[in-house]
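# Remarks on the overall topology
Okay, here's what each chain looks like letter by letter:
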Amino acid sequence: MEGKWWHSSVVYQVYPKSFQDSNGDGIGDIEGIIARVPYLKQLGIDVIWLNPVFQSPDVDNGYDISDYYEVNPQYGSLADVERLFEVCRSHGIKVIMDLVVNHVSDQHAWFQDALKGEESPYFDYFIWSKEDTGLKSVFGGSAWEYVPSLDLYYLHNFAVEQPDLNWENESMRQAIYDMMNFWIDKGIAGFRMDVIDLIGKQPFEGIMENGPKLHDYLQEMSAATFKDKDLLTVGETWGATLDNALLYSDPERHELSMIFQFEQIGLDEVPGKSKWDLRTLNFMQLKSVFSKWQYALNDNGWNSLFWNNHDLPRIVSRWGNDGEYREKSAKMLAILLHGMKGTPYIYQGEEIGMTNAYFDDFDDYLDIEAQNLIKERLANGYDKEAVLKSLQTKGRDNARTPMQWNDGAYAGFTEGTPWMKVNPNYKVINVASALEDSNSVFYTYQQLIEARKNHRVIRFGKFNEIDKENPHVFAYTRSDASEEVLVVCNFFNHKARVTTQMDDLADYEVIVHNDVEVKFEKDELFLEPYEAMMLIKYKK
Ligand code: GLC
Ligand code: CA
């Protein structure tokens, strides 16, 4: 397999609002990102995924777009964005943008015009109902909002201020494709497609995810925009299953490069309840979910590999140990993920082992989803402590605290007052100190990115899980005709060992390791708490 450029790329996600402020207004901006491109180059990444920077009232931090052709002035201008593209290009970094086309902002001109009623050409761009059919919004409450002047309800899967677009409407679809081509012509390398598996929805049949025309729309979109352009397209698909993952990413079908599937993310949730209703993490389930996806897309389709994004808690605070073993376990989680087959995504701050924020004041949770949850649960008699615990564990705010650049005021994020509180641990966890310490989490990420570039087997080798029944260790190999990579990770704060016998341990060389020496005796490999390694053997 020769592969497309994105098969060999590592993507870094920038959440502009929290990355770097350049003008002291407390809000991250494009100029700030430009200033940090050399840092990203040093890390070694190939692509930036930029969260939405379009014109927006910012009810959902930019996922409520009021003009797809304008940049939100709090981030800068269109010219600034074009300069960012240029600076990235000169550093050999590509940029993909967020494509949010399941819904728009209620301030978008289409919706404002649609509110005039049926005679508006945009009325049918939205989904209207004479009654509240009982559908629930992802952010709490009903998914239908009543408009008294029309005596109708409109559909909003997310916030009230995010009316859903009606994909059945052909001119709406054309307008979206034109907009995509506008950005493609500006030189972007692709799109991250927000909740794309909702666009085929049939709300009156109660179908939201994976609607009947979803794949037709994607094929139509592809033909009208990126099909012949060699772009990276990644769909956010909470409802993905193994079967439909292949539909999206089978190259013959000309839909997407890959999808984000979230099966491993749901492992801490009580099945059938909400993301806030937590159950104990089960390591054996994590192993089986990852392996299942690796095996399924070994030959066909392509995986995306991620632990974090702007909607998820910090991984070192979930599957790692953000106390005594913070650095060790953050490296272990990185080694596990970056050894797998697929395109790795790193979320800002992950590369220095940033943790959850553990805010204990409801007012510090700014996310609309969190605020709605607090209102809803307190009104329904939930215990305050329990609500706080849910937010501390799963709240999206955990990912959105400002990037920690140094140990100065506000972690070097801003010279003003940050729009959101900085995680108090910034004195210890920050980029400046990570760069000074050759043993930091940062350099493990750097080595992993480098290793993927240097070894074809890490990009394309076949995945095979070993030591499957081991309750403490996740171990697998990646192999092709000439090389074999062995990845071994202890997920626990006690010693462990690999129980599968390996008689050739002496033949392996270390590529990345979060400890000082590989300890084995004959055919047994011993691991310290959270120890992880990536080894390679050259086949004779
Ligand atoms: C996606 C985004 C999330 C946003 C939602 C609605 O899940 O990642 O941040 O709130 O879509 O656009
Ligand atoms: Ca700013």
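It should be noted that the structure appears before, not after, this text.
Residues numbered from 1 in each chain as written. Chains lettered and ligands numbered in written order. Predicted model: local features only at pLDDT ≥ 70, side-chain atom pairs only at ≥ 80, totals over all residues. Heavy atoms only, no water.

Here the calcium ion (ligand 2) is held by Asp21 (OD), Asn23 (OD1), Asp25 (OD), Ile27 (O) and Asp29 (OD), and the distances to it run 2.2 to 2.4 Å. Donor residues for the calcium ion (ligand 2) sit on one chain with the sequence pattern D-x1-N-x1-D-x1-I-x1-D. The class of asparagine 23 is exposed, set by a relative accessible area of 52%. (Donors = N, O, S within 2.8 Å, 3.2 Å for Na, K, Ca; no water. Buried < 20%, exposed > 50% of the residue type's maximum accessible area, 1.4 Å probe, protein only.)

Glancing now at the side chain of aspartate 311. Relative to the helices and strands, aspartate 311 is located in the loop between β12 (304-305) and α8 (326-338). On the accessibility criterion, aspartate 311 (10% relative accessible area) is buried. A distance of 3.0 Å separates a polar atom in the side chain of aspartate 311 from a polar atom in the side chain of arginine 400. Excluding anything up to four places from it in sequence, aspartate 311 contacts Arg192, Glu236, Lys275, Arg396 and Arg400. (Helix = DSSP H or I, 4+ residues; strand = E, 2+ residues; numbered from the N terminus. Polar contact = N/O pair within 3.5 Å; in protein donor to acceptor, adjacent residues only side chain to side chain. Contact = heavy atoms within 4.5 Å.)

On to the site of ligand 1, then. By nearness alone, 14 residues border ligand 1, and Asp60, Asp194, Glu236, His310 and Asp311 come closest of all. Within the contact set of ligand 1, an oxygen atom lies 2.8 Å away from a side-chain nitrogen or oxygen of aspartate 194. The fraction of the free accessible surface of ligand 1 (310 Å²) that becomes covered by protein chains is 97%. Its residues assigned to classes, the shell around ligand 1 shows four nonpolar, three polar and seven charged. (Near = heavy atom within 4 Å. Areas by Shrake-Rupley, 256 points an atom, 1.4 Å probe, with all protein chains shown as cover. Nonpolar A, V, L, I, M, F, W, Y, C, P; charged D, E, K, R; others polar.)

The tally for this structure, following the rule as stated, stands at 35 salt bridges. Put simply, lysine 453 and aspartate 46 hold a salt bridge, and the shortest N to O gap is 3.2 Å. Of the two residues, lysine 453 sits in helix α13 (residues 441-454) while aspartate 46 sits in the loop between α1 (30-43) and β2 (47-50), which places them 407 residues apart along the sequence. On the accessibility criterion, lysine 453 (39% relative accessible area) is partly exposed. (Salt bridge = Lys/Arg side-chain N within 4 Å of Asp/Glu carboxyl O.)

Among the structural elements, histidine 108 can be located in the loop between β5 (94-99) and α3 (109-114). Only 3.0 Å separates the side chain of histidine 108 from the backbone nitrogen of tryptophan 110, close enough to count as a polar contact. In this structure histidine 108 touches Ile65, Ser66, Asp67 and Tyr68, once residues within four positions along its chain are discounted.

Sheet faces and side chains relate simply in a regular strand, where the side chains alternate between the two faces. Neither face of strand β1 (residues 11-14) is open: one carries Val11 and Gln13, the other Tyr12 and Val14, and all of them are buried. Two elements, β1 and strand β13 (residues 343-347), share three bridges in a ladder whose sense is parallel. Residue pairing for β13: tyrosine 12 is matched across the bridge by isoleucine 346. Summarising the sheet, β1 and β2 pair through four bridges and their orientation is parallel. Among the inter-strand pairings, glutamine 13 is bridged to a residue of β2, identified as tryptophan 49. Tracing the backbone out of β1, into α1 and back to the parallel element β2 gives a crossover that is right-handed. (Pairing = 2+ DSSP bridges. Right-handed = clockwise from strand over helix to strand, strands pointing away.)

Purely geometric numbers; function is a separate question.
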